[in-house]
Structure formats: C-alpha cells, structure tokens
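So you can see what is in the structure, the chains are spelled out below.
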Amino acid sequence: MLRGKMPPWFSYWRVQKAFPELSGSFAVGCTDFMCSNNDSADSDVSKETSGIFVRFFYPTEKTAETQDEANHCRWVPRREYTTGMVNFMELPTWLLGRFFYWTVGSMRIPAVYNAPVLKPVASSPGRESLPCVVFSHGLGANRLVNSHFCCDLASRGCLVAAVEHRDQSASATFVLNVNNNDSEAKEEWIRYRKLKRTDDEFRLRNSQVHKRSDECIHAHNLLERIHEGNFPPNLFNDISILQQLKGRLDLSRVAIMGHSFGGATTVLSLAKDKRFRCGVALDVWMLPLGEDIYNYEVEQPLLFINTQAFHCWSENHEPQKAFINKKPDKAHHSHEVD
C-alpha cells in the first residue's frame, strides 16, 4: 500500500531528478509505524492526536541491495499527498494534482524499505546504540517531504522518527480504522485545513502547535517502548524493524528538530518535555507560539537556523530575537543565505 507502483504511461516524460548523495558512512533503511489511541497506552498524550503515524529512518549496512536504486523507496508513494500539496498551494487539484504526481512520483529517496537495522559491533561504539531524533514537518508538508534530510541524519548513525501530524496542518495524512467485521483496515484521509476568513489565525495555529507537540512527545514515549521491547501493535502489521531496535536506542541523546511550523513545534516540545535533550528549529514560524512561550522554561540547548527569507521577515524574526534574548544561555541563532 505504501509502495504502490506508478502507472507506466508516458514514463519517459517524467521529471527524472536524483537526490544528492548522503554525507554519512551508512546506507539507510526506513519503515512506517501507525498505532491508534487504544493501542498507544500513553496517558500523557491528548486523546485528540488519534494515535501516531511515524516513518522511521535508520542506518543499515552498505550492500549491493541497499545501494541499488531500484530497491529505494519512492519519495511520494501516494497521489493523495501530491494532490494535498497542490491544494495547500491553492492551485487547481483537478489539473495539477495528477500532473505533480506524474512529475515527482518516480523520484526515489536513498532508503530501502524494511532493510535490516545496522548490526552492533563491539569494537565500534558508534554502532552499539543509536542517538534519536524526532522530526516535525512544516505547514502543508508531511512525513515524506523532508525524507532526504532525515536519510542524511540516519546515514550518520541516527534513528529519525519523522512524525506525520494529524492536526490538519499536513498536506494530507490518513488513519487506518480497524473494524472487527472487516479483514483489512480502512483508510480515512485527513485533508489540510485551509484558513478561513472568519478564523482567528493565532487561535487555530496555537491549538495545532499544542497537538503537534503532543504527538512529538508521544513519539518520544514510543521510542522508550521500542527500546524496552514493549511494542504497540503496528496497524501496518509489521514490527520486524522495531524488534531489531530493542535495546539499541540511546535515550540519553534524544533531540527534536523541525522546519517552519515544525520549528515552532520543536520549541514548544522542548518547553513541555525535558526528556528532549536539545533542539534545532529550521526557519521557525513564531506566530503559533504567541506570547505564552516566553513563560515556559526552555532549559535545553536550542539552535535556530534561518534562511534569508525567514531572517528578513521582520514580523517573524523580531519575536524570535525576543525569545533568544530571554534565553541567552540556551538559545543560539544561525543565519543561512539561500
């Protein structure tokens, strides 16, 4: 279901572009995990988050199989995602949804689905336990958009848990509903919620960022359960990779990262849960945090990285500077040019 094949028509017209090579020394595997609230056994997380949907990226051995591009996952395996992105950009989905999928649907990320997890080697401490990163996507994105970035972290020996948020800020996502009368779970798609003229944007985005933060905390709880070998049921009916990760996670080094709306989610998650040891906010969007964020104690190191566009966006950058000035010992800022 997650690796559906592209239709063969006009394949030679598709845009064929390759992602850059990974910077780390390992090949990369990935797998998807979804559980419902009933299966999460997570009393610390709001029940409005509807369980959790995560794609894990992790290091694996460099072999002929993992290096063969034919075995790599498709970047966007479902047309619903490209249609959702077109809808987010407020373009006609009836025309451009299929076209966008046609152009990018053949692209592959440098990761093999369900490749074996890198085996520990006693003589190589870096392979014994895996530092963990929880990643939060931006507004109108999904767990797939930042795949190459997550792959690059995994190629350096990290386990990355890329959360697909269900607060209606993703371009599209879905839940699997299990009915005892049906042999297979049924998909229920959650579409991106457009801002209406009557909406109070801050109230909407603030509500969403809190739900997003809860999902990231849920992801941390999931990492702990995987490390302990207490696996929640995976609605995709496969926990083989989770079983290989038992006892392999370095929970003393769990970071959180995110882009834009995910940057705001990063800041709030650090404030809510001190188990996150540090954070990296890429092009953080400050509006969802509001004035309340200044009242939180963010004790962990936090790195802000801005591209030129976000750095010159004064309406966003001024609150960011105010936050940094209130946390001079913990928050650091880096300015990157496009």
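Everything that follows concerns the structure shown earlier in this document.
Residues numbered from 1 in each chain as written. Predicted model: local features only at pLDDT ≥ 70, side-chain atom pairs only at ≥ 80, totals over all residues. Heavy atoms only, no water.

1. Remarks on the pairing of strand S4 (residues 108-113)
Point 1. Extensive coverage of S4 is indicated by the burial of 5 of its 6 residues.
Point 2. Pairing geometry for strand S1 (residues 27-35) and S4, over 2 bridges, is parallel. Of the residues in S4, the one forming a bridge with Gly-29 is Val-112.
Point 3. Summarising the sheet, strand S3 (residues 72-74) and S4 pair through 2 bridges and their orientation is antiparallel. (Buried < 20%, exposed > 50% of the residue type's maximum accessible area, 1.4 Å probe, protein only. Helix = DSSP H or I, 4+ residues; strand = E, 2+ residues; numbered from the N terminus. Pairing = 2+ DSSP bridges.)

2. Some details on the packing of helix H3 (residues 79-88) against helix H4 (residues 93-104)
Point 1. In the contact formed by H3 and H4, the axes pass within 8 Å of each other and the chain directions differ by 125°. Here H3 is positioned oblique relative to H4, judged by the angle of their axes. The interaxial crossing formed by H3 with H4 has right-handed handedness. Two secondary-structure elements touch here, H3 through Arg-79, Thr-82, Thr-83, Met-85, Val-86 and Asn-87 and H4 through Thr-93, Leu-96, Gly-97, Arg-98, Phe-100, Tyr-101 and Val-104.
Point 2. When the residues that make up the contact of H3 with H4 are grouped by side-chain class, the tally is 6 nonpolar, 5 polar and 2 charged. (Axes fitted to C-alpha atoms, helices over the stretch in contact; angles between N-to-C directions. Parallel < 35°, antiparallel > 145°, perpendicular 65-115°, else oblique. Left-handed = near helix turned anticlockwise from the far one by under 90°. Contact = heavy atoms within 4.5 Å. Nonpolar A, V, L, I, M, F, W, Y, C, P; charged D, E, K, R; others polar.)

3. Focus: empty space enclosed by the protein
Point 1. Evaluation of the coordinates by the stated rule reveals 2 cavities of 30 Å³ or more.
Point 2. Along the walls of the largest cavity sit Asn-206, Val-209, His-210, Leu-268, Leu-289, Asp-292, Ile-293 and Tyr-296, which together make up its complete lining.
Point 3. Looking at side-chain class alone, the lining of the largest cavity contains 5 nonpolar, 2 polar and 1 charged residues. (1 Å grid on protein atoms, 1.4 Å probe; cavity = no way out; pocket = protein on both sides within 12 Å on 5 of 7 lines; lining within 4 Å. Points joined across faces, edges and corners; volume = space filled by probe spheres on them.)

4. A word on the pattern of salt bridges
One side chain can pair with another of opposite charge once the charged atoms of both are near each other.
Point 1. This structure, assessed with the given rule, holds 14 salt bridges.
Point 2. One salt bridge in this structure joins Glu-164 and Arg-143, with 3.0 Å as the shortest N-O distance. You can see Glu-164 sitting in the loop between strand S6 (159-163) and strand S7 (172-177) and its partner Arg-143 sitting in the loop between strand S5 (130-136) and helix H5 (147-155), a full 21 residues away along the chain. Here Glu-164 matches Arg-143 in class, with each residue buried. (Salt bridge = Lys/Arg side-chain N within 4 Å of Asp/Glu carboxyl O.)

5. Comments concerning the packing of helix H6 (residues 201-228) against helix H8 (residues 261-272)
Point 1. Contact geometry for H6 and H8: axes closest at 8 Å, N-to-C directions at 65°. As H6 runs across H8, the sense of the crossing is right-handed. Across from Arg-205, Gln-208, Val-209, His-210, Arg-212, Ser-213, Asp-214, Cys-216 and Ile-217 in H6, the residues of H8 making contact are Phe-261, Gly-262, Ala-264, Thr-265, Leu-268, Ser-269 and Lys-272.
Point 2. In the contact of H6 with H8, the residues fall into 6 nonpolar, 6 polar and 4 charged.

6. Considering H5
Point 1. For H5, the buried fraction is high: 8 of the 9 residues fall into the buried class.
Point 2. Residues of H5 that are buried: Ser-147, His-148, Cys-150, Cys-151, Asp-152, Leu-153, Ala-154 and Ser-155.
Point 3. Its buried side turned inward, H5 meets S1, strand S2 (52-60), S4, S5, S6 and strand S9 (249-259).

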